[in-house]
Amino acid sequence: MALTGKFTRRTFLKLTAGVAAAASLGTLSFRTWQKAQAVEKGDVRVIPTLCDGCGNHCGIYVETKHGRIWRVTGIPQHPKSKGKVCARGQGLIMTPYLRKRITQPLKRQPDGSFASISWEDAFREIGERLKEILAKYGPRSVGHVSHNLPMYTWYGRRLMAALGSPNVFTHATSCNSARNVGFRHTVGGVPGADIENARYMVFIGRNLAEGITPGDVLSLARARRKGAQVVLVDPRVNNTFQMATKWVPIRPGTDLAFVLALAHVLIREGLYDAEFVREYGYGFEHFAKEVEGYTPEWAEDITGVPKATILEIARRLGKNRPRAFIHPSWRGAFGAHYQNSADTARAVALVNALLGNYQKEGGLTFGTSPGFGSLDPAKHPAPPKPTLARVDAEWPLIGDVGSAIPDKILSGDLKALFVAHTNPVMHYNNPAFARQAYASLELLVAIDLFMSETAEVAHYVLPEVSYLERDELVEGVGGRKPVVALRQQVIGKVHPETKPAWEIYNGLAEAAGVGKYFNFTLDELNAAMLAPLGLSLAEVKAKGTVVLNQPSLLGTPKFATPTGKVEFFSTAFANAGFSPVPKWMPPLVMPDPAKGEFRLLHGRQAYHSHTTTTRNPYLLSLSESFAGDRLWINRRVAERMGLKEGDWVEVRSEAGKGRAQVHLTEAIHPECVFIYAPYGGLGKDNPGKKFAFSFLDLVPNRLDPISGSAMVQDFAVTLHKV
Ligand SMILES: Nc1nc2c(c(=O)[nH]1)N[C@H]1C(S)=C(S)[C@@H](COP(=O)(O)OP(=O)(O)OC[C@H]3O[C@@H](n4cnc5c(=O)[nH]c(N)nc54)[C@H](O)[C@@H]3O)O[C@H]1N2
Ligand SMILES: Nc1nc2c(c(=O)[nH]1)N[C@H]1C(S)=C(S)[C@@H](COP(=O)(O)OP(=O)(O)OC[C@H]3O[C@@H](n4cnc5c(=O)[nH]c(N)nc54)[C@H](O)[C@@H]3O)O[C@H]1N2
Ligand code: SF4
Ligand SMILES: [Mo]
């Protein structure tokens, strides 16, 4: 039954008569329903919760009418949304009603098809298989993989600890592990940026307007109105350019040389904050010596950025300090991209230290966690901390190398994996390679809403309720003041046979014989976490986002490094066998334009989150409207190759190939091509695969020895007209 253009209260009542009707609603009918409700009077309820569209977890108010999701707006107090909701957050609210959801537990059959199975049987069979694997190979052969959402990491870690396994993974090595390693070992963590109060900002491959954080976009607009200058260092003009004052088209993969040259100028010209460096720096003289040779002339050769531009940017940073920064970034240029990415991150952290901007207005600020409590160990004993070494222990600077999982499966170290709210087959490695590895596990359990590429090769697929149908763990948001936020249930279950994650973990633990470590409800856990803050769960449920009345964090910076200082010289890097000071290192592969080689860049698209949102017909329709899956290529280069707008090309690397239509533009560096990241896919059930290829199809399976990152742009491609 689908809704027609003519929509009356009677059709609505007919529809809401049964769950089956609600479940069958598709996209267009959802939009029709939404429009019709704008003029209908109804029983409106407003519930504060968190969006689940990306890692921002923005605070949102979700409105229901007659018990159905109707509308979403932002919670002004939430530091990430600041009252705004992006296009993805708008489109995502139809998730509960999407037709492609998994509605029952599934078990893979010998012929590869799936048949439904009861929860009881699924839990029992999984428990039995798991016990066999533990007995045969030991707890180190088991692992848990999830997105880094508190709900899944907390329950996943506890389940693994209960089984004796240290192997808890996230997606970090295909997102930002290099950035994290660089910052953590230099300044003790990854700070945020006080965009609103800065006067001079340099964004190196951080694209606020497409890799969206709504609150930051708002802050940038406000800063611009106050006259701030905004420099975008990016091989292509990204959408943040609408709010920028300068575009610096850099040769991709060479940002480290650019940042080292900025440090050189700041030190040579005495523009840095010597007092800050004296008080908070460790090993400054080693770094100062290292950058002596990194002149703007030297960097111009490597980066293609004119030396005058480098001088100008360094001087303006120095002049505007401490209300000036190089943004710590999220992923873009140095998240998981090149073999030099972790050192690029270190250099960025250090230039900010030269500007003395840590914990200052208009500079970089560390947030702090609200100081949550924990369960009473007398009533709810916690499992002992696992003593075994992780399977990815050869990366001493980072404790989670999710992209190493396929190698660890193929080497026989990992035999059983639980995967929740993440799609590692598609997102962490070259998917063809990863699929073959994951498919060879003795037990793979996927907890998902949809038949992801990972679910397709799982033995059991356990269907979760969607984010609007469940409660989760309270979470802390660091900002100027710590914030407590909660994702909570807005509507009843659309499909009766789906379950929230905490119930699924309880069932798994019980079946594996470790149920005694899960003898509490989610409400009890949340109440225990909130107790030391003097907050009741009821209060947090009523407000959704609570700004804690604690003093502002600005003032004296604290650096959580071994020396308690900014480490210009890192002993941790030295002990791990790497250079203790960041020094120039080229990318592993430098494409040669003379041989027709390009670097393949990729990035976020404003209306998609990874490949998840391509399952949302409303958001996917925007891809068609905007021809959003075209491969950007420099117009002059394309014309030399005889390519016209919309021509099909095959893009080839040493690891794979893919087809796309080209988009000719002046707004990209001639030595690279660019594609938005949500497209492609191997899965039978992935609508994104009707569009262009996924960049990961072309990424060779090589991991960075420093950060474990998948080095997602450290290879060359060639283009061939189809
Ligand atoms: N719309 C949307 N927003 C999101 C997400 C999403 O999926 N969709 N996901 C969230 C997540 S998980 C993340 S990690 C963030 C990512 O947020 P960002 O890090 O801002 O996003 P990216 O688009 O990966 O990269 C940003 C820019 O880096 C540029 N770039 C590529 N290579 C280089 C290089 O070698 N040098 C330089 N200087 N620039 C380069 C690209 O052209 C791109 O414009 O976005 C978050 N927000
Ligand atoms: N091809 C490609 N690869 C990428 C990226 C990309 O854009 N394209 N981006 C890179 C980056 S920056 C990151 S951060 C990672 C992200 O990698 P992932 O962690 O895999 O990304 P997500 O898209 O957030 O999560 C995907 C899975 O969660 C499932 N899911 C969605 N909602 C729910 C829910 O409520 N409950 C449960 N249990 N499951 C749910 C989706 O169906 C999907 O299978 O990928 C990296 N790799
Ligand atoms: S940025 Fe958009 S998709 Fe991400 S959490 Fe916020 S509203 Fe949702
Ligand atoms: Mo990410």
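Conventions used here
- Residues numbered from 1 in each chain as written.
- Chains lettered and ligands numbered in written order.
- Predicted model: local features only at pLDDT ≥ 70, side-chain atom pairs only at ≥ 80, totals over all residues.
- Heavy atoms only, no water.
- UniProt positions renumbered as here; feature names shortened; annotations may be inferred.
- Helix = DSSP H or I, 4+ residues; strand = E, 2+ residues; numbered from the N terminus.
- Buried < 20%, exposed > 50% of the residue type's maximum accessible area, 1.4 Å probe, protein only.
- Contact = heavy atoms within 4.5 Å.
- Near = heavy atom within 4 Å.
- Polar contact = N/O pair within 3.5 Å; in protein donor to acceptor, adjacent residues only side chain to side chain.
- Areas by Shrake-Rupley, 256 points an atom, 1.4 Å probe, with all protein chains shown as cover.
- Nonpolar A, V, L, I, M, F, W, Y, C, P; charged D, E, K, R; others polar.
- Domains from an automatic or database assignment.
- Pairing = 2+ DSSP bridges.
- Axes fitted to C-alpha atoms, helices over the stretch in contact; angles between N-to-C directions.
- Salt bridge = Lys/Arg side-chain N within 4 Å of Asp/Glu carboxyl O.
- Patch = residues over 30% accessible without salt bridge, like charges linked within 9 Å, V, L, I, M, F, W, Y side chains within 5 Å.
- Lys, Arg positive; Asp, Glu negative; His and termini not counted.
- Charge placed at Lys NZ, Arg CZ, Asp CG, Glu CD.
- Parallel < 35°, antiparallel > 145°, perpendicular 65-115°, else oblique.
- Left-handed = near helix turned anticlockwise from the far one by under 90°.

The name given to the protein in an unreviewed UniProt entry is Thiosulfate reductase/polysulfide reductase chain A, with Brockia lithotrophica as the source organism. What UniProt states about the protein under its Sequence similarities (unreviewed entry) heading is, verbatim, "Belongs to the prokaryotic molybdopterin-containing oxidoreductase family." UniProt's Cofactor (unreviewed entry) comment on the protein is quoted here verbatim: "Mo-bis(molybdopterin guanine dinucleotide)".

J.: Would you mind going over the overall build of the protein in detail, with residue names and values included?
T.: When its secondary structure is counted, the protein shows 24 helices and 27 strands. In terms of overall dimensions, the protein has a C-alpha envelope of 70 × 65 × 55 Å along the principal axes. In the protein, which comprises 722 residues, the share counted as buried stands at 61%. Taking the intrachain contacts of the protein between residues at least 6 apart in sequence as the baseline, contacts between residues at least 24 apart amount to 74%.

J.: Let's hear about the site of ligand 2: which residues, and what values?
T.: Around ligand 2, a shell composed of 27 residues is seen, among which T422, N423, H427, D448 and T612 lie nearest. In this structure, E464 approaches ligand 2 through a side-chain N or O atom, which is 2.8 Å from a nitrogen atom. For ligand 2, a nitrogen atom lies 3.1 Å from a polar atom in the side chain of H610. In isolation ligand 2 exposes 910 Å². Once the protein is present, 95% of that is buried. Tallied by class, the residues present in the shell around ligand 2 amount to nine nonpolar, 12 polar and six charged. Formed jointly, the shell around ligand 2 draws a minimum of three residues from each of two domains, domain 1 (106-174 + 371-485 + 495-536) and domain 3 (593-701).

J.: Go over the side chain of S174 with me, naming the residues and quoting the values.
T.: Note that S174 resides in the loop between β7 (168-169) and α7 (177-187). S174 sits in the buried class, given a relative accessible area of 10%. Contact partners of S174, with chain neighbours within four places excluded, come to R331, A336, S403, H427 and Y428.

J.: Please set out helix α19 (residues 501-511) residue by residue, giving values where relevant.
T.: Counting buried residues along α19, nine of its 11 residues qualify, which places the element largely inside the surrounding structure. Here α19 has its buried residues at A501, W502, I504, Y505, N506, G507, L508, A509 and A511. G513, located one to two residues past α19, shows a positive phi value of around 85 degrees.

J.: Which residues make up the sheet that holds strand β22 (residues 597-603), and what values do they have?
T.: Ordered in space as β22-β26-β23-β25-β24-β27, the six strands form a closed barrel in which the pairing is mixed. When strand polarity is set aside, the average angle formed by the axes of neighbouring strands in this sheet is 45 degrees.

J.: Can you tell me about the pattern of salt bridges, naming the residues and giving the values?
T.: Enumeration according to the criterion identifies 34 salt bridges in this entry. A salt bridge links K644 to D647; its shortest N-O distance comes to 3.9 Å. One continuous salt-bridge network, built from bridges that share partners, spans D52, E464, R470, E472 and R487.

J.: Quick one: what's the story with a positive patch on the surface, residue by residue and with numbers?
T.: A cluster of basic residues, R435, K684, K689 and K690, forms a positive patch on the protein surface. Since its relative accessible area comes to 72%, K690 is described here as exposed.

J.: Can you lay out the environment of V85 for me, pointing to particular residues and giving the numbers?
T.: As for its position among the elements, V85 is in the loop between β3 (68-74) and α4 (87-92). In this structure the C-alpha to C-alpha distance between V85 and A244, which are 159 residues apart in sequence, comes to 22 Å.

J.: Now, about the packing of helix α9 (residues 255-268) against helix α13 (residues 307-320): what can you tell me, with residues and values included?
T.: One way to put it is that α9 packs onto α13 with a least axis distance of 9 Å and a crossing angle of 60 degrees. The angle between α9 and α13 falls in the class oblique. Read as a crossing pair, α9 and α13 show a hand that is right-handed. Here α9 contributes F258, A261, L262, V265, L266 and R268 to the contact with α13, which in turn contributes I310, L311, I313, A314, L317 and G318. Considered class by class, the residues forming the contact of α9 with α13 number 10 nonpolar, one polar and one charged.

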